[in-house]
Amino acid sequence: MATQMGSEEGFKATIAEYLESLPTQFCRRVFSNPAACLAIFRLLSTVGKQLVMSMLYLETAIKLQDIYQWAKVEHQPLVRSKVHQLRKLQILAEERGTVSLNPVFREQLRNALTGGGDFSSFGIPFTGSTGNRGVSKKWLASYANDRWEAILHFMVGHSADAEPPSESVRGILRMSRLMEDSEDGMKITNSGFQFLLQDPGSQVWTVLLQYLRLAEMQDMDVVEVLNFMFQLVSLQLGRPYSTEALTRNQQKMLSELCSFGLLYQDNVGAPQFYPTHLITSLSSSGASHSGPSGVDNAAAAASGTGRSAIPTGSKATGELAKPSSQGFIILETNCRMYAYTNSALQVAILNLFVHLVNRFPNFITGALTRDSIRRALMRGITADQIITFLTTHAHPQMQGRTPVLPITVTDQIRLWEQERNRLRPTAAYFYKDFGQKQEYERMFKYAQDIGVIIWASNEKRQLVVTRQGHAKIAELVKSQRANAAKQ
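In this text the structure is predicted, and so the values were computed from the model without any measurement.

Asks: Explain helix 18 (residues 370-378) to me, please; I cannot follow it from the model alone.
Replies: In an α-helix, one full turn covers 3.6 residues, which means residues spaced three or four apart are oriented alike. Those residues of helix 18 not exposed but buried are Ser372, Ile373, Ala376 and Leu377. Here the buried residues of helix 18 occupy an arc of 140 degrees about the axis, which is enough to place them on one side. Every exposed residue of helix 18 that faces more than 90 degrees away from the buried side is listed here: Asp371 and Met378. Residues of helix 18 that are buried sit in contact with strand 11 (355-360), strand 12 (363-367), helix 19 (383-392) and helix 21 (407-420). Residue glycine 380 follows helix 18 closely and has a positive phi angle near 95 degrees.

Asks: Would you mind going over the packing of helix 22 (residues 437-449) against helix 23 (residues 467-486) with me for this structure?
Replies: Each pair of packed helices can be summarised by the angle the axes make with each other and by the distance between the axes. Following both chains from N to C, one finds helix 22 and helix 23 inclined at 135 degrees, their axes separated by 11 Å at the closest point. Classed by the angle they form, the pair helix 22 and helix 23 counts as oblique. In the packing of helix 22 onto helix 23, the handedness of the crossing is right-handed. Of the residues in helix 23, those in contact with Arg442, Met443, Tyr446 and Ala447 of helix 22 are Lys472, Ile473, Leu476, Val477 and Gln480. In terms of residue class, the contact of helix 22 with helix 23 is built from 6 nonpolar, 1 polar and 2 charged.

Asks: Just to check I follow, could you spell out the environment of alanine 394 for this structure?
Replies: As for its position among the elements, alanine 394 is in the loop between helix 19 and helix 20 (396-399). Residues alanine 394 and isoleucine 329, 65 residues apart in the sequence, show an inter-C-alpha distance of 4.7 Å. In this structure alanine 394 touches Gly327, Phe328, Ile329, Gln399 and Val404, once residues within four positions along its chain are discounted.

Asks: What is the right way to look at the sheet that holds strand 9 (residues 329-331) in this model?
Replies: Backbone hydrogen bonds are what pair the strands of a sheet, in a parallel or an antiparallel way. Spatial strand order, 9-10-12-11: 4 strands in an open sheet with antiparallel pairing. Looking at which strands have only one partner, the edges of the open sheet turn out to be strand 9 and strand 11. Adjacent strand axes in the sheet meet at a mean angle of 15 degrees, parallel and antiparallel pairs treated alike. Both strand 9 and strand 10 (residues 336-339) contribute to a ladder of 3 bridges, which runs antiparallel. Directly across from leucine 331, in strand 10, lies its bridge partner methionine 337.

Asks: How should the packing of helix 18 against helix 21 be read in this particular structure?
Replies: It is the contact of helix 18 with helix 21, at a shortest axis distance of 10 Å, that shows an interaxial angle of 55 degrees. In terms of orientation, helix 18 lies oblique with respect to helix 21. In the packing of helix 18 onto helix 21, the handedness of the crossing is right-handed. Taking contact as the criterion, the partners of Arg370, Ile373, Arg374, Leu377 and Met378 in helix 18 are, on helix 21, Ile413, Trp416, Glu417, Glu419 and Arg420.

Asks: Would you mind going over the pairing of strand 11 with me for this structure?
Replies: Here 5 bridges tie strand 11 to strand 12, and the two strands are oriented antiparallel to one another. Following the sheet pairing, arginine 359 is matched in strand 12 by isoleucine 364. Once strand 11 ends, the chain turns through 2 residues before running back antiparallel as strand 12.

Asks: What is the right way to read the pairing of strand 3 (residues 98-101) from this model?
Replies: Judged by which residues are buried, strand 3 turns out to be one-sided: Val99 and Leu101 face inward and are buried, whereas Thr98 and Ser100, on the alternate face, are not. Bridge analysis of strand 1 (residues 62-63) against strand 3 gives 2 bridges, and the strand direction is antiparallel. Its bridge partner being in strand 3, isoleucine 62 is matched across the sheet by valine 99. With antiparallel pairing between neighbouring strands as the criterion, strand 2 (residues 92-95) and strand 3 make up a hairpin whose turn holds 2 residues, including arginine 96 at a positive phi of roughly 55 degrees.

Asks: Before we go on, may I ask you to explain the sheet that holds strand 13 (residues 428-431) in this structure?
Replies: In spatial order, the strands read 13-15-14; together these 3 strands make up an open sheet with antiparallel pairing. Two strands in the sheet have a free side with no partner beyond their single neighbour: strand 13 and strand 14 (453-457). Between one strand axis and the next, the sheet turns by 10 degrees as a mean value, whatever way the strands run. With 4 bridges connecting them, strand 14 and strand 15 (residues 462-466) associate as antiparallel partners. Looking at strand 15, one finds that isoleucine 453 is bridged to valine 465.

Asks: Before we go on, may I ask you to explain the nonpolar core in this structure?
Replies: Among soluble globular proteins, nonpolar side chains are generally buried collectively. Grouped together as the largest cluster of nonpolar side chains are 127 residues, with contacts concentrated most on Ile91, Leu350, Phe353 and Leu368. Phenylalanine 353 has contacts with Phe193, Leu368, Ser372, Ile373, Arg375, Ala376, Ile386, Phe389 and Leu390, leaving out every residue within four places of it along the chain. Grouped together as the second largest cluster of nonpolar side chains are 10 residues, Phe434, Leu463, Val465 and Ile473 included.

Asks: Is there a simple way to think about the pattern of salt bridges in this case?
Replies: Considering all chains together, one arrives at 10 salt bridges under this definition. Taking the shortest distance from any N to any O, the salt bridge between arginine 29 and aspartate 221 comes out at 2.8 Å. Residue arginine 29 is found in helix 2 (residues 24-31), and its partner aspartate 221 is found in the loop between helix 11 (200-217) and helix 12 (222-233); the two are separated by 192 residues along the sequence. Look at arginine 29 and you get partly exposed, because its relative accessible area is 38%. Given the relative accessible area of 27%, aspartate 221 is considered partly exposed.

Asks: Would you take a moment to explain unusual backbone geometry for this structure?
Replies: Most peptide bonds take the trans configuration, and most residues that are not glycine carry a negative phi. The residue after threonine 402, namely proline 403, is reached through a cis peptide bond having omega -5 degrees. Along the chain, proline 403 turns up in the loop between helix 20 and helix 21. At aspartate 219, a position not held by glycine, the phi torsion is positive, near 60 degrees. One can find aspartate 219 in the loop between helix 11 and helix 12. Classification of aspartate 219 as exposed rests on a relative accessible area of 71%. Even without being glycine, cysteine 335 reaches a positive phi, approximately 75 degrees. Position of cysteine 335 among the secondary structure elements: in the loop between strand 9 and strand 10. Exposure remark for cysteine 335: the relative accessible area of 11% places this residue in the buried category.

Rules of the game
Residues numbered from 1 in each chain as written. Predicted model: local features only at pLDDT ≥ 70, side-chain atom pairs only at ≥ 80, totals over all residues. Heavy atoms only, no water. Buried < 20%, exposed > 50% of the residue type's maximum accessible area, 1.4 Å probe, protein only. Helix = DSSP H or I, 4+ residues; strand = E, 2+ residues; numbered from the N terminus. Arc of directions from axis to C-beta. Contact = heavy atoms within 4.5 Å. Axes fitted to C-alpha atoms, helices over the stretch in contact; angles between N-to-C directions. Parallel < 35°, antiparallel > 145°, perpendicular 65-115°, else oblique. Left-handed = near helix turned anticlockwise from the far one by under 90°. Nonpolar A, V, L, I, M, F, W, Y, C, P; charged D, E, K, R; others polar. Pairing = 2+ DSSP bridges. Core = buried A, V, L, I, M, F, W, Y, C linked by side-chain atoms within 4.5 Å. Salt bridge = Lys/Arg side-chain N within 4 Å of Asp/Glu carboxyl O.

In structure tokens, the structure reads:
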């Protein structure tokens, strides 16, 4: 995915890009599901939600200029960008300078908010006997965390006593290029390390996106899978739901998502299943995810009375703001590191690029050494990713500094990387044996103007250009030859 990983909003944008890529008839089928419409609405930014709610009960189209006037002049570019995003998602339809909500989306979102329409899209609660199994919210949280951490342990190569992941889990990790096969088994990739840096919500979105791609490869009905995914996101934590109305594809998806800890089922074929917090919290719009946006911000964005106030106080540019996390790493200028943690998973991640020295029940010491960093670089981990991880998980006492990490340490990490990356292969084309000096100078000037020269020697009349530059030069030579033939 082109969306840099690193924050939850990045994965929300990827979900949006996937929806944008769907044909119109597919979007119409997705929007015919109230649960899907509500889930998509929850994933919108604060301004996007405000725009949708302001037009939800309007039966006629509204002028674009009128929508822009809902915000002050300085905030209108933000409103324009959100309108553009809603149009790309096919939630808004534009015609002759006016916009309106997609009629199918509008009707089903109304049904979702008022309890009308096909309410079975939100899942059918199981009314039979579940037995005295003690499936509580606390138990589900423990079950989900154990399953999820077992996968992360497997990725970093320290599975400990956890149950190894199933073949379907390994297949998705392999297909998503989070891990790859090697002589010693599966190993983590560059993208896999980025995956480990994410919060659990972002990681789950990555898995669901890969499952959608897997469904396409297996010729499954993508809209059916997508609607079931949105249904699961809308379920209530701790409540059992019936599997009676599920299709064969949905039953298969249910079984495979249980392997990730997103769902729990007593056994294969059981008449009920339970959603866990890993999937029910994906569309949460609570304060911890929505960012700083309140009444004052909304009032400041409004440009006059009688207009909808567009809240623009949130600094998050994606769908959701990145939640803050408690840091636990202290780094000294001599590259020594101290980590206050009792998590075996965090210790395993640190072991990817830190030379660990001492380990206590809730405290470890170590150092960033040339060998430990080179070991990480050999696994495809970059210096920037290591620095980002250390910055993100820095102790609160370090977070108040500018910069957060000592400059001597960050410079040293990059120097160790440069030792390994002294030579970088670049695809290029080599031009030589020019018949005339004028021909060489003409081609050299053209390549210089478009900025594709890698190396040149005017004395030897030799030129090295990029692959993209070669294609442009070939077009130039072809046109020149065609003109010469006409003359």
